[in-house]
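Per-entry structural report
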Amino acid sequence: MKMALRACLRTKPGLTALLSQLSCSGHAAARRAPALVAQRSSSSTSQKIKVDFDQSSGVAVMHMQSPPVNSLSLEFLTDVCIALEKLEMDKSCRGLVVTSSQPKVFSAGLDILDMYGKSPEHCAEFWKAVQEMWLKFYGSNMITIAAVNGSSPAGGCLLSMTCDYRIMADNPRYSIGLNETKLGIVAPFWFKDTMVNTVGHRATEMALQLGLLYSPAEALKIGLVDQLVHEDQVLTTATETMTKWLAIPGILNISYTCHFFHLWCCNLVCTICSCVCQVIAAKKIHLSQDF
Ligand SMILES: CCCCCCCCCCCCC/C=C/C(=O)SCCNC(=O)CCNC(=O)[C@H](O)C(C)(C)COP(=O)(O)OP(=O)(O)OC[C@H]1O[C@@H](n2cnc3c(N)ncnc32)[C@H](O)[C@@H]1OP(=O)(O)O
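Everything numeric here is computed off the predicted structure, so don't read it as measured data. (Residues numbered from 1 in each chain as written. Predicted model: local features only at pLDDT ≥ 70, side-chain atom pairs only at ≥ 80, totals over all residues. Heavy atoms only, no water.)

Focus on the packing of helix α5 (residues 120–138) against helix α7 (residues 189–199)
Contact geometry for α5 and α7: axes closest at 12 Å, N-to-C directions at 20 degrees. The orientation of α5 relative to α7 falls into the category roughly parallel. As for how α5 packs across α7, the hand of that crossing is left-handed. Contacts between α5 and α7 involve W127, V130, Q131, W134 and Y138 on the former and, on the latter, W190, T194 and N197. (Axes fitted to C-alpha atoms, helices over the stretch in contact; angles between N-to-C directions. Helix = DSSP H or I, 4+ residues; strand = E, 2+ residues; numbered from the N terminus. Parallel < 35°, antiparallel > 145°, perpendicular 65-115°, else oblique. Left-handed = near helix turned anticlockwise from the far one by under 90°. Contact = heavy atoms within 4.5 Å.)

Rendered as structure tokens:
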């Protein structure tokens, strides 16, 4: 699925242009961007994202370092998107491993504090940034591997699911899943679609209806993650796995099918509608709070 989307993006410049208009790169571009320099290994850092790029292997490692729990705030999402955009533009970068520098947590999902009591404009910007992160990872030209070295609820799980492969720390204290229902929130349909593409319809229905968080062993069983390793081994296993993937001839050039392209278009159209609805809703809430 991910590869099909990637191929769509590569072969449909019009779609790419549309996406870039839709995306929040406007505000992203205004911010500082971690630079990638042409040397064997480079390291670039924004406040919340550190990228180590090994030019000899063509593999970058993105460390999320937004304490305490890598919650996805507007600022953090913007940094992630900028870093990803930079890597995407560097054609020598063929693989990306995403991991966390925070102990015990990969990402706590959307930053709840960034969604509450904020202006409609902020909410719209925030929501656009969430969608941009999803689009950028899902449509990435690189092979992406999530090194899930801690808990990964809700938006954190979404982030990992947009990657081609997930390796999780085998620690029963960690959990992963779309738990929005338990928080009284409905997971957006594109969260749902991403999970369907990962674990199938029935498992997704159960997961979303009950707001399930899975232990690593349970997650492996339903295919939400692909591999469990000792937590000390998550990152090294991810880079080893990346080497194997990148050795496959043409891995970055898998052709797409019409079915996937249609699904992609549907998702895009629905996303626009959902975005408009969110803004309208936000405005209504804002108005009702005034009375
Ligand atoms: C009307 C228009 C609206 C437009 C805007 C759009 C809004 C649309 C809303 C719809 C969104 C739907 C999709 C939602 C997706 C989400 O991702 S929602 C977020 C769900 N996340 C969670 O449920 C995670 C909750 N956190 C945890 O389970 C645990 O914290 C952890 C991640 C497992 C880590 O546990 P532990 O190591 O024990 O740390 P804690 O002590 O629990 O936490 C440390 C501090 O971090 C704060 N924190 C935790 N999670 C978040 C978070 N998601 N956002 C912000 N802050 C978080 C926590 O409060 C602690 O803070 P302090 O108490 O200050 O230390």
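Some words on the state of the cysteines
Under the counting rule described, the total for this entry stands at zero disulfides. Free cysteine: C93, not disulfide-bonded; nearest cysteine sulfur from C163 at 13 Å. (Disulfide = S-S within 2.5 Å.)

A few points about the site of the ligand
If you check the shell around the ligand, you find 25 residues, and the closest are A108, L110, I112, A154 and G155. Within the contact set of the ligand, a nitrogen atom lies 3.1 Å away from a backbone nitrogen or oxygen of I112. N179 places a side-chain nitrogen or oxygen 3.2 Å from an oxygen atom of the ligand. Contact with the protein chains hides 64% of the accessible area of the ligand, taken as 1,300 Å² for the molecule alone. If you list the elements that add at least two residues to the shell around the ligand, you get α5 and α11 (258–290). When residues in the shell around the ligand are grouped by element, the largest group, three residues, is from α11. When grouped by side-chain class, the residues that make up the shell around the ligand number 17 nonpolar, six polar and two charged. (Near = heavy atom within 4 Å. Polar contact = N/O pair within 3.5 Å; in protein donor to acceptor, adjacent residues only side chain to side chain. Areas by Shrake-Rupley, 256 points an atom, 1.4 Å probe, with all protein chains shown as cover. Nonpolar A, V, L, I, M, F, W, Y, C, P; charged D, E, K, R; others polar.)

Examining the packing of aromatic side chains
By the definition in use, this model includes five aromatic pairs. Ring geometry for W190 and F191: centres 5.0 Å apart, planes at 65 degrees, overall edge-to-face. Exposure remark for W190: the relative accessible area of 0% places this residue in the buried category. Ring pairing ties together the aromatic residues W127, W134, Y138, W190 and F191, which thus form one cluster. (Phe/Tyr/Trp six-rings, centres within 6.5 Å; stacked < 30°, edge-to-face > 60°. Buried < 20%, exposed > 50% of the residue type's maximum accessible area, 1.4 Å probe, protein only.)

Examining the environment of S41
By secondary structure assignment, the location of S41 is in strand β1 (residues 41–45). On the accessibility criterion, S41 (39% relative accessible area) is partly exposed. Expressed as a C-alpha distance, the spacing of S41 and V59, which sit 18 residues apart in the sequence, is 9.8 Å. Once residues within four sequence positions are removed from consideration, S41 is found in contact with F53, D54 and Q55.

A look at unusual backbone geometry
That bond from P67 to P68 is cis: its omega, 0 degrees, falls within 30 degrees of zero. Inspection of the secondary structure puts P68 in the loop between β3 (59–64) and α4 (74–89). Backbone geometry places K104, a non-glycine residue, at a positive phi of 75 degrees. As for its placement among the helices and strands, K104 is situated in the loop between β4 (95–100) and α5. Within the chain, A154 stands out as a residue other than glycine whose phi angle is a positive 50 degrees. Counting through the fold element by element, A154 comes out in the loop between β6 (152–153) and α6 (155–161). Assessed through its relative accessible area of 9%, A154 is described here as buried.

Let's talk about the sheet that holds β1
Spatially, seven strands are ordered β1-β2-β3-β4-β5-β7-β9 in an open sheet, and the strand pairing comes out mixed. In the strand order of this sheet, the two ends are held by β1 and β9 (227–229), each with one partner. For this sheet, the mean angle separating the axes of adjacent strands, direction not counted, is 20 degrees. Examined bridge by bridge, β4 and strand β5 (residues 143–148) share four bridges and lie parallel to one another. If you follow G95 over to β5, its bridge partner there is I143. (Pairing = 2+ DSSP bridges.)

Some thoughts on the packing of α4 against α5
At their nearest, the axes of α4 and α5 sit 9 Å apart, and the two run at 35 degrees to each other. As α4 runs across α5, the sense of the crossing is left-handed. Across from L74, L77, V80, C81, L84, E85 and E88 in α4, the residues of α5 making contact are H122, E125, F126, A129, V130, E132, M133, K136 and F137. Split by residue class, the contact of α4 with α5 holds ten nonpolar, one polar and five charged.

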